[in-house]
Amino acid sequence: MTDPARTSALRRPAVFLDRDGTLTEPRHYPSRPEELVLQAGIGPPLLALQRYGFALIVVTNQSGLARGLVDEAAIEPMHRRLRELLARHQVLLDGIYHCPHHPDGVVPQFSVVCSCRKPAPGMLHQAGGDLGCDLSASWMVGDSVCDIDAGHRAGTRTALVGPQPLAAVVPTLYRTTTAQALTTIAACEIP
């Protein structure tokens, strides 16, 4: 029989990051790589967390696919652009997971209720399994109620970022910027 404490100790922690409005500047359904602009100041704390052993994983709802606003072919160039922007800070993502679904979409293959669309924890569970992450030692960082709810449902700690706290959720921590949240997480996690 496997010892759960030992198995958990062998798995590494992760920082799960929402993309639009958290990792990148908010844009309404970005569809071109040049529309992705990193949030200010996120490079140093992400690099510190990466060097300490945290997996860095993007988990992003992309309902623009289901709504017919973004073409499937646009997704990979956007992911490549995000990786390039972060590489300028020596930050390497361990994974990018996206949910193309929305029950009110117009593209039939994506117009479904799924287990991956945040606030469902499917993307976090999938990434955690794929990459060997300990969700209980991990963080979900996002700018919306659905990000924080997904983190709670997956068993992570949560960091809400934005101009003001949201009454509908109680995150582990709240900061006005992603850089501040990541800096706080790094200060808590790195001895």
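Residues numbered from 1 in each chain as written. Predicted model: local features only at pLDDT ≥ 70, side-chain atom pairs only at ≥ 80, totals over all residues. Heavy atoms only, no water.

Novice: How would you sum up helix α5 (residues 145–154)? Please name residues and give values.
Specialist: All of the buried residues in α5 are Asp147, Ile148, Ala150, Gly151 and Ala154. The buried residues of α5 occupy an angular sector of 160 degrees when the element is viewed end-on, so they sit on one face. The elements touched by buried residues of α5 are α4 (122–131), β4 (139–142) and β5 (157–161). At the C-terminal side of α5, Gly155 shows a positive phi close to 90 degrees. (Buried < 20%, exposed > 50% of the residue type's maximum accessible area, 1.4 Å probe, protein only. Helix = DSSP H or I, 4+ residues; strand = E, 2+ residues; numbered from the N terminus. Arc of directions from axis to C-beta. Contact = heavy atoms within 4.5 Å.)

Novice: So what's going on with the pairing of strand β1 (residues 14–17)? Residues and values would help.
Specialist: Residue alternation in β1 divides its side chains into two sets, Ala14 and Phe16 and Val15 and Leu17, and both sets are buried. By the bridge criterion, 4 bridges tie β1 to strand β2 (residues 55–61) in an arrangement that is parallel. Bridge pairing in β2 links Ala14 to Ala55. Tracing the backbone out of β1, into helix α2 (residues 43–52) and back to the parallel element β2 gives a crossover that is right-handed. Relative to β4, β1 runs parallel, the two sharing 3 bridges. Residue Val15 lies in a different strand from β4, and its bridge partner there is Trp139. (Pairing = 2+ DSSP bridges. Right-handed = clockwise from strand over helix to strand, strands pointing away.)

Novice: Could you give an account of the packing of α2 against helix α6 (residues 178–189), with specific residues and numbers?
Specialist: Contact geometry for α2 and α6: axes closest at 8 Å, N-to-C directions at 30 degrees. Here α2 lies roughly parallel to α6, going by the angle between them. Seen along the crossing, α2 lies across α6 with a hand that is left-handed. Of α6, the residues touching α2 (which contributes Pro45, Leu46, Leu49 and Tyr52) are Ala179, Leu182, Thr183, Ile185, Ala186 and Glu189. Here the contact of α2 with α6 is composed, by residue class, of 8 nonpolar, 1 polar and 1 charged. (Axes fitted to C-alpha atoms, helices over the stretch in contact; angles between N-to-C directions. Parallel < 35°, antiparallel > 145°, perpendicular 65-115°, else oblique. Left-handed = near helix turned anticlockwise from the far one by under 90°. Nonpolar A, V, L, I, M, F, W, Y, C, P; charged D, E, K, R; others polar.)

Novice: Mind laying out the layout of surface pockets, listing which residues take part and the relevant values?
Specialist: Of the volumes computed, that of the largest pocket is approximately 340 Å³. In this structure, the largest pocket is lined by 20 residues; those nearest its centre are Asp20, Tyr29, Asn61, Gln62 and Ser63. Across the lining of the largest pocket, the residue classes break down as 4 nonpolar, 8 polar and 8 charged. (1 Å grid on protein atoms, 1.4 Å probe; cavity = no way out; pocket = protein on both sides within 12 Å on 5 of 7 lines; lining within 4 Å. Points joined across faces, edges and corners; volume = space filled by probe spheres on them.)

Novice: Any chance you could break down helix α3 (residues 75–87) for me, citing the residues and the numbers?
Specialist: In this model α3 runs 18 Å from its N-terminal to its C-terminal C-alpha over 13 residues, within 8% of the 18 Å that 1.5 Å per residue would give. Along α3, the residues classified as buried are Ile75, Met78, His79, Leu82, Leu85 and Leu86. Along the axis of α3, the buried positions cluster into a sector of 125 degrees, meaning they face one direction only. Buried residues in α3 make contact with α2, β2 and β3 (95–99). (Expected span 1.5 Å × (residues − 1).)

Novice: Residues and numbers for the nonpolar core, please.
Specialist: One finds Leu46, Leu82 and Leu86 to be the most contacted residues of the largest nonpolar core, which totals 29 residues. Among the secondary structure elements, those contributing two or more residues to this core are β1, α2, β2, α3, β4, β5 and α6. No other element matches the 5 residues that α6 contributes to this core. Not counting the four nearest positions on each side in its chain, Leu86 is found in contact with Leu23, Leu38, Ile42, Leu46, Val91 and Leu93. One finds Ala14, Ile57, Met140 and Ala150 within the second-largest nonpolar core, a separate group that totals 16 residues. (Core = buried A, V, L, I, M, F, W, Y, C linked by side-chain atoms within 4.5 Å.)

Novice: Can you explain the sheet that holds β2? Please cite residues and give values.
Specialist: Strand order in the open sheet formed by 6 strands is β3-β2-β1-β4-β5-β6, and the pairing between neighbours is parallel. Two strands in the sheet have a free side with no partner beyond their single neighbour: β3 and β6 (173–175). Each adjacent strand pair in this sheet contributes to an overall mean axis angle of 20 degrees, direction not counted. Here β5 pairs with β6 via 3 bridges, running parallel. In the sheet register, Ala159 faces β6, and the bridge partner there is Leu173. Seen against the sheet, α4 touches β1, β2, β3 and β4 and runs at an angle of roughly 150 degrees to β3.

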